[in-house]
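Each chain, written out:
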Amino acid sequence: MSGDGYIPPRSDGRRYEAVLRVSEALSVCPEAEDLTKILSEQLGEFLAFLQFYIIVYKENSTEVEWAVVGRERSLVAAYADVPVEQRPSWQSYTTQEPFHIRDWSTDERVPARLKRGIAAQGIEVGPLIFVPLTTPHRRLGALGMSGPLGSVYSSDDVSFLRLIGRVVAFAIDDNFNLTRAEVAQRELQRQNERLQRSERELHELIESIPSMAWSAAADGAAEFFNRRWLAYAGLTADQAQGWGWTVAVHPDDLNALVGYWRTLMASRRSGEIEARLRRFDGAYRWFLFRATPSLDDNGRVVKWYGTNTDIEERKRAEQALRRSEAYLAEAQRLTHTGSCAIDGTSRETLYWSEEMFRLFGFDPQQGLPMWDQWLQRIHPEDRDKVKVAGDRTFLKKVDCDVEFRIVKPDGTVRHIHGIGHPVLSPKGELAQVVGTMVDITERMRAEEALKRSETYLAQAQRVANIGSWVFDTVRMKPVHLSTEWYRLQNFDPRDGMPTWEKRLQRIHPEDRDRYEGAFNRAIAEKSDLDAEFRILLPDSTVRYIRSLGHPVLDAFGEVTQMMGVIVDVTESRQAEQEHERLRQELAHLAHLNRVSTLGELTASLAHEIKQPIGAAVTNAEACLRFLDRDQPDVPEAREAALEMTRDARRAADIIEHVRSLYRKGSSHDEMVDINEVIREMVDMLRDEASRYCVVMRTDLAERLPKVMADRVQLQQVLMNLMLNGIEAMPETAGELGIKSQLTEEGQLLISLTDSGVGLPTGKADQIFNTFFTTKSQGTGLGLAIVRSIVESHGGRVWATANSGQGTTFQFTLPQKRAAHA
Amino acid sequence: MSPADEAAVFIIDDDARMRAATERLLKSVGLHAEPFATPQGFPRRSADRNAPNKR
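Here is a short report on the structure shown in this document.

Procedures and definitions
- Residues numbered from 1 in each chain as written.
- Chains lettered and ligands numbered in written order.
- Predicted model: local features only at pLDDT ≥ 70, side-chain atom pairs only at ≥ 80, totals over all residues.
- Heavy atoms only, no water.
- Helix = DSSP H or I, 4+ residues; strand = E, 2+ residues; numbered from the N terminus.
- Buried < 20%, exposed > 50% of the residue type's maximum accessible area, 1.4 Å probe, protein only.
- Contact = heavy atoms within 4.5 Å.
- Areas by Shrake-Rupley, 256 points an atom, 1.4 Å probe, with all protein chains shown as cover.
- 1 Å grid on protein atoms, 1.4 Å probe; cavity = no way out; pocket = protein on both sides within 12 Å on 5 of 7 lines; lining within 4 Å.
- Points joined across faces, edges and corners; volume = space filled by probe spheres on them.
- Nonpolar A, V, L, I, M, F, W, Y, C, P; charged D, E, K, R; others polar.
- Pairing = 2+ DSSP bridges.
- Axes fitted to C-alpha atoms, helices over the stretch in contact; angles between N-to-C directions.
- Polar contact = N/O pair within 3.5 Å; in protein donor to acceptor, adjacent residues only side chain to side chain.
- Expected span 1.5 Å × (residues − 1).
- Arc of directions from axis to C-beta.
- Phe/Tyr/Trp six-rings, centres within 6.5 Å; stacked < 30°, edge-to-face > 60°.
- Lys NZ or Arg CZ within 6 Å of the ring centre and 35° of its normal.
- Buried area = accessible area lost by both parts, 1.4 Å probe.
- Salt bridge = Lys/Arg side-chain N within 4 Å of Asp/Glu carboxyl O.

1. Considerations on the overall build of chain B
- Within chain B one finds two helices and two strands.
- Of the regular secondary structure in chain B, the N- to C-terminal order runs β-α-β-α.
- Burial statistics for chain B: of 55 residues in total, 25% are counted as buried.
- Long-range contacts, defined as pairs at least 24 residues apart, comprise 52% of the intrachain contacts of chain B with a sequence gap of at least 6.
- For chain B, the exposed surface amounts to about 3,600 Å²; the carbon and sulfur share of it is 55%.

Printed below as a string of structure tokens:
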């Protein structure tokens, strides 16, 4: 190179010194900033310049490896559009010669683009000069300088600059070599540090993340598990290594997990799967297994990284949600309730529950029906009603409540109760209308049936004079009173349910305390109520009411309500009173009958009484004579005295029997031996029978059970029937047979058979009627009283004609008297 | 003395107790009595007593 031998003239010692200073300054391998500063200081003393440039190209390349631009104002932008090959620095670099432009604007070597670029910068640039940056071993680039307008670079200036360029080239070359090595070393060190730090951070991260982490080799064999993973599974790192970790996977999930893991490895893609992992204590929890491959530049798997995230709570929540949804769907199915959501603007159906599809007969596979399709399902007569209600909800944003009918595809008509509710956005706009549709067909049928039933019940209560009531015993107020209750108590339902006090006022004053006491006692004793009372109606009418109640207990066994009925028993009470009056009249008549009969029997009874008395007197006389003997015969006297007492007792018995028949008293039931009564009456009427030359024979069954009966009334029955038989045989010297026996049905059957005149012809069915008689002196009461008494004992009496002569009267007596008897 | 040779008082009364009392009274004065409930029984007994082949 022509400039290589340039040495600054000694006469110009200051430039020489400048070269040395530059060389010395650059020997310490300055940074680019230092280089700029040094050159600016050392060159500025000798050369005028706007900027200077140091351009270093990569070897065998037009690419700039390194560039330094001195001073602040830059002309670099002017070079932006100039190809490298046309740049002055490149010319000097490639030719290894100075590239000196004295006037850039006119010099043809200056590319037009550069000229335009310099002009565009508006900088007044004079000469340009570039000298090569070259060492004996290497071409680096070029050192350049642009001078201000009007300045000129002389050949000495060019030589001086070439010398500076040589010094700079050496410095840059050394610096480059040194810098590259240092940079490489530093970069390697930094990479190592980063790698170590990254590994440390990764390790810390892996150990600190709440998830369980692991890594595996490219073949899938596990290499690493973080502490959390090992602690959870209760495994050591050695145990979990390779495929040892699979022992902690739930047996039911293992095949699917391993299969998926192999699929991932084959595909070299990330993936995740859920499986249960056994905890150290044996409990299994659901985990999300997530794996990601680390690939090299060739797409080969270097390593697998993965995490296991505990999703047990999420799974449970999902299961709970699924159960909840299933329950909801089931509840909707059972209650025939569908739910839906409709867009507030477009009225497009957003959601229908399964039950909605069922209710309206749509196929879920066909998707959600449109609003108009849904309207078509509605019964034509109800469609307008539903549209009006729907429009009102959509337009006025108010709730909708409407009942209507639908016609399903198979023609079935169902009743639906629809409820819609507007859902508003934060701005108050209608976002959706959510609603429910309930099939109320069965409910309506039940309601109609209930109404019918209530009507029937009310009618039944009306017919039976029964009113029902339910009373809150805590608040002492009624909670239910039937229509018939109001009618019976003569309250007006329109006035509301009467208070307890009003009810009491309606009760007859004489019965009020008794009823209230019975009611309160039933509550206190938790017992049933059965009370009868009179009510005094506003028109002074008195009615008899029977109130029956039953306590209703709460969970604690306390009485909270009494529920029951009232029955108007006025007619029954009046009938009973009438019955009692008739009974008393009958008793009176029966007494008269007995007195009258006994009057007729006076002679016979007197004889009957006289006989034992006479016997007693005779025995007394015999007794005395036995005692008055010289040698008193005490045994005979004693026997006579005993017989005497027996005779006296017999006389007393007859008198007592007669007296009891005379007695006018109330009915008195006791256990009675019917055979004993028969014997008594036979004894009492023996003399009367003798007067008629009638023989009485008895045939009494042994061990007959006693019956509950009024002894006197049974005596009267037997007396009347026996006298009736005796009197039927006035001239025949007949026989009266009296027989007792037990029927197969367990009843006592007493038969009286005579050989008399028999039943009156054509009037046999009237003989038990009151005042019917065939006797000239008869009252017509005897047999009528017999029937009344027998029937009042629950028995039956009848008469049949004998096959030969006479009549047989029979009556039965039940062993147990019926309640109504 | 056999009953056939003894004097007897015959009693006819349909009342058993009165019959027994009368018999007892006759006995107390040393008389032998034979009671009958019906008159029909008395002739049969009387005939029996008077029959020659009684013994």
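2. Looking at the layout of surface pockets
Residue and element names in this part refer to chain A.
- Estimated volume of the second largest pocket: approximately 770 Å³.
- If you go around the second largest pocket, you meet 30 residues; those closest to its centre are Asn 724, Glu 727, Thr 773, Thr 774 and Lys 775.
- Residue composition of the lining of the second largest pocket, by class: eleven nonpolar, 15 polar and four charged.

3. Remarks on the sheet that holds strand β19 (residues 542–553) of chain A
Residue and element names in this part refer to chain A.
- Reading across the sheet, the five strands line up as β17-β16-β20-β19-β18 and stay open at both edges, with antiparallel pairing between neighbours. Sheet topology places β17 (477–481) and β18 (529–536) at the edges, where each strand pairs with a single neighbour. Recorded for the sheet is a direction-independent mean angle of 30° between the axes of neighbouring strands.
- Relative to strand β20 (residues 559–568), strand β16 (residues 466–472) runs antiparallel, the two sharing seven bridges. Along β20, the bridge assignment pairs Phe 471 with Met 562.
- Each of β18, β19 and β20 is contacted by helix α17 (residues 570–600), which is oriented at about 120° to β19, the strand it contacts most.

4. Observations regarding the side chain of Glu 636 of chain A
- Along the chain, Glu 636 of chain A turns up in helix α19 (residues 634–662).
- Reaching out from Glu 636 of chain A, the side chain makes a polar contact with the side chain of Lys 27 of chain B at a distance of 2.6 Å.
- Those residues in contact with Glu 636 of chain A that sit more than four places away from it in its chain are Phe 626 of chain A together with Lys 27 of chain B.

5. Here's the deal with the sheet that holds strand β1 (residues 51–57) of chain A
All names here are of chain A.
- Overall, antiparallel pairing links the five strands, which are arranged β2-β1-β5-β4-β3 in an open sheet. In the strand order of this sheet, the two ends are held by β2 (64–69) and β3 (99–101), each with one partner. Neighbouring strand axes in the sheet, compared pairwise and without regard to direction, differ in orientation by 10° on average.
- In terms of strand pairing, β3 meets strand β4 (residues 125–134) through three bridges, oriented antiparallel. Across the sheet, Ile 101 pairs through a bridge with Leu 128, a residue of β4.
- Strand contacts of helix α3 (residues 88–95): β1, β3, β4 and β5 (139–148), with the helix running at about 135° to β5, the strand carrying the most contacts.

6. Section: helix α1 (residues 13–26) of chain A
All names here are of chain A.
- Between the first and last C-alpha of α1 there are 20 Å, a value that for 14 residues agrees with the 20 Å anticipated at 1.5 Å per step.
- Looking only at α1, the buried set comprises Arg 15, Ala 18, Val 19, Val 22 and Leu 26. Around the axis of α1, the buried residues are gathered within 100° of arc, so they sit on the same side.

7. So, the packing of aromatic side chains
Residue and element names in this part refer to chain A.
- According to the stated counting rule, one finds 29 aromatic pairs over all chains in the structure shown.
- An angle of 55° between the planes, with centres 5.1 Å apart, marks the rings of Phe 471 and Trp 500 as tilted. One end of the pair, Phe 471, is in strand β16; the other, Trp 500, is in helix α15 (residues 500–506), with 29 residues separating them in the sequence.
- Using a relative accessible area of 6% as the deciding quantity, one classes Trp 500 as buried.
- Among the aromatic residues, those joined into a ring-pair cluster are Trp 352, Phe 357, Phe 360, Phe 362, Trp 371, Trp 374, Phe 394 and Phe 404.
- In this structure, Arg 109 packs its charged tip against the face of Phe 99, placed 4.7 Å from the ring centre.
- When the ring centre of Phe 491 is taken as origin, the NZ or CZ atom of Arg 506, which lies over that ring, is 4.3 Å away.

8. Section: the interface of chain A and chain B
- Of the residues lining the interface, 18 residues belong to chain A; the matching set on chain B comes to 13 residues.
- Contact between chain A and chain B buries roughly 1,300 Å² in total, counting both sides, with carbon and sulfur atoms accounting for 52%.
- When the buried area of chain A at its contact with chain B is split by residue, Gln 611, Thr 618 and Arg 625 of chain A rank highest and sum to 32% of it.
- Here chain A is connected to chain B by four salt bridges.
- In this structure, Glu 636 of chain A engages Lys 27 of chain B in a salt bridge whose closest nitrogen and oxygen atoms are separated by 2.6 Å.
- Across the chain A-chain B interface, the total number found is seven residue pairs in polar contact (both at pLDDT 80 or more).

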